[in-house]
Amino acid sequence: MPNRFERLAAIDCSDHVERKNNLTYLSWAWAWDAFKRAFPDSYFTVYETETGCPYWTDGRTCWVKTGVTLVDGDYSLELIERLPVMDFRNNSVPLESVTSTQVNKSIQRSLTKALARHGLGLYIYAGEDLPVDAERDLKATPADRTPPEGYKKEPVKKAKVTVAKPDEIPFF
């Protein structure tokens, strides 16, 4: 049986994406439905500030924070996503211009990206954080790709990961 990430990453989302302004979006409603069908006990959290505001600010712009907790029997894992409140051009909105609609759309986008951290539709976001030249290199065949100047291949080190159940975590 594939692991949870592989199980979600294997779901074909291609019939549920939209293109806007040269960006690809996955329907948050469809993504949540697919996730809940795979792991029905899972849930999401929209984090709020101490005053109950659904976004944080640095005084200039603002961002939202969501978490998706995958629950599968005794196993649970929350992955968190933070996302700027953006306009229709995907530019950060100045704090004094933020609308509730922009905040709501950012929460839904953040939720979808948190789902992608669990594997569902992750391939849609591949390369979104890369500069234009890197995106071009990703489209090239492996033989066409050249490492950046000064690149030195290091051996891969495997990390040992230990996961404790919540009741096994000591409190100090």
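Because the structure is a prediction, the values reported are computed rather than measured. (Residues numbered from 1 in each chain as written. Predicted model: local features only at pLDDT ≥ 70, side-chain atom pairs only at ≥ 80, totals over all residues. Heavy atoms only, no water.)

Caption draft 1: Molecular detail of the overall build of the chain. Summing up its helical and strand segments, the chain has 5 helices and 6 strands in all. Classification of the 172 residues of the chain by burial places 28% in the buried group. Counting contacts in the chain only where the partners sit at least 6 residues apart, residues at least 24 apart contribute 54% of the total. (Helix = DSSP H or I, 4+ residues; strand = E, 2+ residues; numbered from the N terminus. Buried < 20%, exposed > 50% of the residue type's maximum accessible area, 1.4 Å probe, protein only. Contact = heavy atoms within 4.5 Å.)

Caption draft 2: Expanded view of the pattern of salt bridges. One pass over the structure, following the stated rule, counts 4 salt bridges. The residue D58 makes a salt bridge to R60 at a minimum N-O spacing of 3.1 Å. Given a relative accessible area of 40%, D58 falls into the partly exposed group. On the basis of relative accessibility, which here comes to 60%, the residue R60 falls in the exposed class. Note that E81 is salt-bridged to R117, the shortest N-O span being 2.5 Å. Note that E81 is positioned in strand β6 (residues 75–84) and R117 in helix α3 (residues 100–117), a separation of 36 residues in sequence. Of the residues examined, E81 reaches a relative accessible area of 7% and is grouped as buried. (Salt bridge = Lys/Arg side-chain N within 4 Å of Asp/Glu carboxyl O.)

Caption draft 3: Highlighting the confidence of the model for the chain. A residue-level look at the chain finds 72% of positions with pLDDT of 70 or above and a mean pLDDT of 81. Note on residues 130–137: pLDDT under 50 across the span, and 4 contacts to partners over four residues away in sequence or across chains. Contacts of residues 140–147 to residues separated by more than four positions or lying in other chains number 3 contacts, the stretch itself having pLDDT below 50. (pLDDT = per-residue confidence, 0-100.)

Caption draft 4: Focus on α3. For α3, with 18 residues, the first-to-last C-alpha span of 26 Å sits near the 26 Å given by 1.5 Å per residue. Of the residues trailing α3, G119 is marked for its positive phi of about 120°. (Expected span 1.5 Å × (residues − 1).)

Caption draft 5: Highlighting the packing of aromatic side chains. Inspection of the entire model under this criterion finds 3 aromatic pairs. A centroid spacing of 5.8 Å and a plane angle of 25° characterise the contact between W32 and F35, whose relative ring orientation is stacked. Of this pair, W32 and F35 both sit in helix α2 (residues 28–38), 3 residues apart, which is roughly one turn of the helix. Relative accessible area serves as the criterion here: at 16%, W32 is assigned to the buried category. Between the aromatic rings of W32 and F44, the centroid separation amounts to 5.0 Å while the plane-to-plane angle is 90°, which identifies the pairing as edge-to-face. In this pair, W32 sits in helix α2 while F44 sits in strand β3 (residues 43–46), placing the two residues 12 residues apart along the sequence. The class for F44 is partly exposed, based on a relative accessible area of 36%. Put simply, the rings of W32, F35, F39 and F44 touch in pairs and so form one group of aromatic residues. In this arrangement the basic side chain of R7 is found over the ring face of F39, its NZ or CZ atom lying 4.6 Å from the centre. Here K65 stacks its cationic end above the ring of Y47, 4.6 Å away from the centre of that ring. (Phe/Tyr/Trp six-rings, centres within 6.5 Å; stacked < 30°, edge-to-face > 60°. Lys NZ or Arg CZ within 6 Å of the ring centre and 35° of its normal.)

Caption draft 6: Structural view of the state of the cysteines. According to the stated counting rule, one finds 0 disulfides in the structure shown. Cysteine C62 remains unbridged, with the sulfur of C53 as its closest cysteine sulfur at 7.7 Å. (Disulfide = S-S within 2.5 Å.)

Caption draft 7: Geometry of the packing of α2 against α3. Contact geometry for α2 and α3: axes closest at 9 Å, N-to-C directions at 35°. Pair α2 / α3 crosses with left-handed handedness. Contacts between α2 and α3 pair W28, A31, W32 and F35 from the former with Q108, L111, T112 and L115 from the latter. Tallied by class, the residues present in the contact of α2 with α3 amount to 6 nonpolar, 2 polar and no charged. (Axes fitted to C-alpha atoms, helices over the stretch in contact; angles between N-to-C directions. Left-handed = near helix turned anticlockwise from the far one by under 90°. Nonpolar A, V, L, I, M, F, W, Y, C, P; charged D, E, K, R; others polar.)

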